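Report on the structure
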Amino acid sequence: MTPQSRPARPGALARFSQDAFWFRQRGAALSFAILLAMLLLLAVVVPHSFYSATNLSNLAGQLAPLFLVSLGQTFVLLGAGFDLSVGAVISLSSAILTLDLAGPVKIPLALAAAATVGLVNGWGCVYLRVHPIIMTLATSSIVQGVALLLLPTPGGVAPPILVCMASGTFLGLPVGLYWIVAACAAAIWAVHATTYGIRLYATGQNPLAAWMSGVQAPRIRVSTYVISALMAALAGAYLTGRLASGDPNVGSALGLDSVLGAALGGTLLSGGVGGPIGTIAGVLIIGVLNNGLNLAGVSPYYQFIVKGSMLVLAVSLFRRKEAGL
Amino acid sequence: MDMTSQPPLIAVDDLSKSFGPVKALTSMRLVGHAGKVHAVMGENGAGKSTLMKLLSGVFRPDSGIVRLRGEVVAFGHPRDAQNAGISTIFQEFSLLPNLSVAENLFLGREIEHGRTLPAATRRRRTLDVLGELDLRIDPDRRVGSLSVGQQQMVEIAKGVMADASVFIFDEPTAALASHEVETLFALIRRLSAQGKCVFYISHRLSEVFAICDDVTIMKDGAFVSCMPTAETTVDEVIQGMVGRPIEELFEPRVDRPGPVLLEADALVGARASAPLSLQLRAGEIVGVAGLEGQGQQQLMRLLAGFDPARSGKLDLEGQPITGRPARQRMADGIGFVPESRKDDGLFLSLDIGDNMATAALARRPFLSWAPRLGGRIADVMARLSVKAPDARTPVIDLSGGNQQKVVLGRWLLGGARVLLCEEPTRGVDVGAKREIYRQLREFARDGRAILVTSRELPELIGLCDRLLVIRNGAIVAEMDARAATEDALLRAALPDVESQAA
């Protein structure tokens, strides 16, 4: 027996490629570095307006829905899927929550509707083998249609409990922050502390190998679409409460931004690498960027240009080949 | 043939498996004893891998019985086989490169007695198993960052952890460095000393004689013989693997080849491991023989121009074409018939005419008018007797043999002088084989030359005039096909056979 030499304790940099956990999170490290650089830059350029309590509190309130959908999208991407329908599900949830029904009925109804959309997405992608982009594009159109049928124009009354939960402050902190912290904690727990998380990484990397190891890869993949849709429904609930009324188009911009947040955080669109920790950085980058450009007096239209350029940059930086997979 | 008084640990009887019309395995039998290393040998395509995939639950048999410790077992899923104690180390690993060693070992079995095992427990047990195998690998290490040999050790550790009693190694040394092979052999010996039954699939004779107790030989998906390695010889094993009469399928050979058409001189490609020198003469069919994946494909693609040459010289009819890319070489008259016809060779949704016209059109400049080739296409179709109503028939509707004729027809129409042909009869039936052999011979007889690769040695011997044997990317032997035998080819193609045979 020739004993193999024990690898020397890897240095900090080598850990990112050798240690499995850090390898999967190495995109997140880069994203946090970019975020930090942006925050430092803002401290120099617009210190008082950015780091004011009012601005940060506003930022938390604005970013909560994006956090929810991006974290949901992260699950789908980790499983090597893609969910374009989250924007429509947000709108549907808003439409259902402002229906002329009793509040206690509407909230479970909105969640059930979202879960159904997620199941249909997963079933189409996994069992009918429709490409995820086509499948979720199709359901997106259907769901948006249903939302408009239920609520043709913005209006309606949000359940008071949602209004209460989505506006103002609680214990001196903006309520949006609680939504963000709860969603992040739940996502990080599910991905990093449960067997579901490991099976999700395995499935996204290679569903066949995962299946041969006894993982129910198809079910895992379906579950990611359900999680994504439920997160979108919660984002819809938050937005409805924040606006105190419904809007059948409220989610339309968030569908692609959810992918942007996850991708900027280092989650690979090909699955199996990345995770919710990186998504936190990704969403914060988007939020801080928009906010900072506003404060610096840059035309909001530049935000679109900058966001698009960053997506190209992120996807080319976090390439699969360089990941050695 | 029972070698011990003990009942076998695993016994396979009358196992058969077909894929569509192709019989991969017919009435196969195999017996494995505890504490023995049992080699399964056969030529490429003899059905070794199919047999092992049946044992590991990847495929389900059409008929036949597998007994484990005397009890009949049937596996519907790889997990069933693993639970029954059969662990397979495949050529292509089933490990997840983005997970750590510990995560891979426990994937799918993180829950024990209804409780999820804590990460610390999984890590400790991983260390235990790795220690048991004398492996020093960090359990948190990402599997994708390990060497191929270490990954294989992790696969074995997976089986040890699952307390498997039967280990199947499918060509385990194919991708290993020599010091890793030593480690692997030590592990295999250790497993058999612990009373495990080890099946060792390989066509490396030296390895089989080095570590195996028994050897089962298969040919054409069927059982040939089973004997203790101590009671047999390299010659006997090779005889068992090949000894089949060459079917009378072939055309007469060329008497005297003409002038040199294609000449490579010390040509080195970007992906090649050795410089390549060869000559193809007019009228000749030259075969490239070798075990699977010894560089046949790189050789063909280097000549065709898909891989750029780094150094050396390539001449076509005396004209240097070394620096010309693939598209220009096609226009110069080098045709290429790829191994996977459907992926690389044909546009399945287009019709016969369009598929045949591509090579003729490659000569024409970009955006020039595409001429109607209808008459010439009809001539070629008639000459090759393509079975289709007309040139408008989509290629997807044709049989494998007729599709292959369309690819040949493309190069006839395109005026190719030299044809590089990979696996000409892959996936075609015997009748179509004979037809393709005849077409290739006629193609060559008109003053053209063909270079052929094939996994089937009898085919190469029967079809070709001259044979080159390739091993590790280098041409190691050349023989006249008239005098060549499968035995001699296999000897030249097998690594390290000399030391054993001597």
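In this text, all values refer to a predicted model and were calculated from it rather than measured experimentally.

Here we look at the overall build of chain B
Within chain B one finds 18 helices and 22 strands. For 502 residues, the compact-globule estimate of 2.2 N^0.38 gives 23 Å, and chain B sits close to it at 26 Å. Across the 502 residues of chain B, 50% fall into the buried class.

Description of the overall build of chain A
Helix and strand content of chain A: 16 helices and 2 strands. For chain A, the C-alpha radius of gyration of 20 Å lies close to 20 Å, the compact-globule estimate for 325 residues. In terms of principal-axis extent, the alpha carbons of chain A reach across some 75 × 55 × 35 Å. A burial count over chain A gives 51% of its 325 residues as buried. In chain A, once contacts between residues fewer than 6 apart in sequence are set aside, the share between residues at least 24 apart is 78%.

Some details on unusual backbone geometry
Residues and elements named next belong to chain B. The phi dihedral of Asp-163 is positive, around 60 degrees, even though this residue is not glycine. Tracing the backbone shows Asp-163 in the loop between α5 (148-161) and β9 (166-170). C-beta crowding within 10 Å serves as the criterion here: with 9 such atoms nearby, Asp-163 is assigned to the exposed category.

Brief notes about the interface of chain A and chain B
Much of the literature gives interface size as the accessible area that the parts lose upon coming together. Facing 30 residues of chain A, the contacting portion of chain B comprises 30 residues. Elements that contribute at least two residues to the side of chain A that touches chain B include exactly α1 (12-18), α2 (20-24), α11 (195-205) and α12 (207-212) of chain A. Counting residues per element, the side of chain A that touches chain B draws most heavily on α11(A), which supplies 5 residues.

Some thoughts on the domain arrangement of chain B
Considered domain by domain, chain B is made up of domain 1 (10-242) and domain 2 (260-493). Once you take the C-alpha centre of each, domain 1 of chain B and domain 2 of chain B turn out to be 37 Å apart.

Brief notes about the sheet that holds strand β19 (residues 418-422) of chain B
All names here are of chain B. Spatially, the 6 strands line up as an open sheet ordered β18-β19-β20-β15-β21-β22, and their pairing is mixed. On the outer flanks of this sheet lie β18 (334-337) and β22 (474-480), each paired with one strand and no other. Here the average twist between neighbouring strands, direction ignored, is 20 degrees. The strands touched by helix α9 (residues 296-304) within the sheet are β15 (285-289), β18, β19, β20 (449-453) and β21 (466-471), with β19 carrying the most contacts at an inclination of about 155 degrees.

Some thoughts on the sheet that holds strand β14 (residues 276-281) of chain B
Pairing between the strands of a sheet comes from backbone hydrogen bonds, and it takes one of two forms, parallel or antiparallel. Residue and element names in this part refer to chain B. A sheet is described by the order of its strands in space; here 4 strands give the open sequence β14-β13-β16-β17, paired in antiparallel fashion. Edge positions in the sheet fall to β14 and β17 (319-320), since each has one partner strand and no second. In the sheet, strand β16 (residues 309-316) pairs with β17 via 2 bridges, with the strands oriented antiparallel. Each bridged residue has a counterpart across the sheet, and for Asp-315 the counterpart in β17 is Pro-320.

A short note on the confidence of the model for chain B
All names here are of chain B. Within chain B, residue pLDDT values average 83, and 92% of them lie at 70 or more. Here helix α18 (residues 497-501) stands out as the element of chain B with the lowest mean pLDDT, 45, in contrast to β20, whose mean of 93 is the highest. Below pLDDT 50 for its whole length, residues 497-502 participates in 10 contacts with residues either more than four positions away or in separate chains. Listed scores for the predicted complex are pTM 0.74 and ipTM 0.81.

Details of the nonpolar core
Nonpolar side chains in soluble globular proteins generally cluster together in the buried interior. One finds A:Val89 and B:Leu420 to be the most contacted residues of the largest nonpolar core, which totals 236 residues. Take this core: its biggest share by element is 16 residues, from helix α13 (residues 217-243) of chain A. Looking at this core, you find at least three residues from each of domain 1 (10-242) and domain 2 (260-493) of chain B. Beyond its immediate chain neighbours, meaning those up to four positions away, A:Val89 contacts A:Ala114, A:Val117, A:Val143, A:Ala229, A:Ala232, A:Ala233, A:Gly236 and A:Gly251.

Looking at the pairing of β18(B)
All names here are of chain B. On β18, burial covers both faces: Ile-334 and Phe-336 on one face and Gly-335 and Val-337 on the other are all buried. Pairing analysis gives 4 bridges linking β18 to β19, with the strands arranged parallel. Bridging across to β19, Phe-336 finds its partner in Leu-420.

Overview of α11(A)
With 9 of its 11 residues buried, α11(A) lies for the most part within the structure. Regarding α11(A), the residues found buried are A:Gly197, A:Ile198, A:Arg199, A:Leu200, A:Tyr201, A:Ala202, A:Thr203, A:Gly204 and A:Gln205.

Thoughts on the pairing of strand β10 (residues 197-201) of chain B
All names here are of chain B. Counting buried residues along β10, 5 of its 5 residues qualify, which places the element largely inside the surrounding structure. Along β10, one buried face is formed by Cys-197, Phe-199 and Ile-201 and the opposite face, lined by Val-198 and Tyr-200, is buried too. Of the strand pairs in this sheet, strand β3 (residues 37-41) and β10 are connected by 4 bridges, and their pairing is parallel. Directly across from Val-40, in β10, lies its bridge partner Ile-201. Two strands pair when backbone bridges link them, and β9 and β10 are joined in this way by 5 bridges, in the parallel orientation. The residue bridging Phe-169 from the neighbouring strand is Tyr-200, located in β10. Once you follow β9 into helix α6 (residues 178-193) and on to β10, the crossover reads as right-handed.

A closer look at the environment of A:Leu84
Residue and element names in this part refer to chain A. Relative to the helices and strands, Leu-84 resides in the loop between α5 (53-78) and α6 (86-97). Taking the number of C-beta atoms within 10 Å as the measure of exposure, Leu-84 has 23 and is therefore buried. The residues touching Leu-84, leaving out its near neighbours within four places in the chain, are Ile-133, Thr-136, Leu-137, Ser-140 and Gly-255.

Re the environment of A:Gly61
Residues and elements named next belong to chain A. Looking at the element boundaries, Gly-61 is found in helix α5. Expressed as a C-alpha distance, the spacing of Gly-61 and Leu-177, which sit 116 residues apart in the sequence, is 7.0 Å. The residues touching Gly-61, leaving out its near neighbours within four places in the chain, are Pro-174, Gly-176 and Arg-242.

Section: the packing of helix α15 (residues 276-295) of chain A against helix α16 (residues 300-317) of chain A
All names here are of chain A. Running from N to C, α15 and α16 cross one another at 145 degrees; their axes reach a closest spacing of 9 Å. The chirality of how α15 crosses α16 is right-handed. Side by side, α15 and α16 meet where Ile-286, Leu-289, Asn-290, Leu-293 and Asn-294 of the first sit next to Pro-300, Tyr-302, Gln-303, Val-306 and Lys-307 of the second. Looking at the contact of α15 with α16 residue by residue, the class counts come to 6 nonpolar, 3 polar and 1 charged.

Quick word on the confidence of the model for chain A
All names here are of chain A. The pLDDT averaged across chain A works out to 87; a share of 92% of its residues lies at or above 70. Here α1 is the element of chain A with the lowest mean pLDDT, 66, and helix α8 (residues 132-150) is the one with the highest, 95. With pLDDT under 50 throughout, residues 1-8 is counted as low confidence; its partners more than four residues away or in other chains account for 14 contacts.

Let's talk about α13(A)
Residues and elements named next belong to chain A. Between its first and last C-alpha atoms α13 spans 39 Å; for 27 residues at 1.5 Å apiece the expected length is 39 Å, and the two agree. Across the 27 residues that make up α13, a large majority, 24, are buried. Ala-244, located one to two residues past α13, shows a positive phi value of around 65 degrees.

The rules behind these values
Residues numbered from 1 in each chain as written. Chains lettered and ligands numbered in written order. Predicted model: local features only at pLDDT ≥ 70, side-chain atom pairs only at ≥ 80, totals over all residues. Helix = DSSP H or I, 4+ residues; strand = E, 2+ residues; numbered from the N terminus. Rg over C-alpha atoms; globule rule 2.2 N^0.38 Å. Buried ≥ 20, exposed ≤ 12 C-beta atoms within 10 Å, placed from the backbone. Contact = placed C-beta atoms within 7 Å. Domains from an automatic or database assignment. Pairing = 2+ DSSP bridges. Axes fitted to C-alpha atoms, helices over the stretch in contact; angles between N-to-C directions. pLDDT = per-residue confidence, 0-100. Core = buried A, V, L, I, M, F, W, Y, C linked by C-beta atoms within 7 Å. Right-handed = clockwise from strand over helix to strand, strands pointing away. Left-handed = near helix turned anticlockwise from the far one by under 90°. Nonpolar A, V, L, I, M, F, W, Y, C, P; charged D, E, K, R; others polar. Expected span 1.5 Å × (residues − 1).

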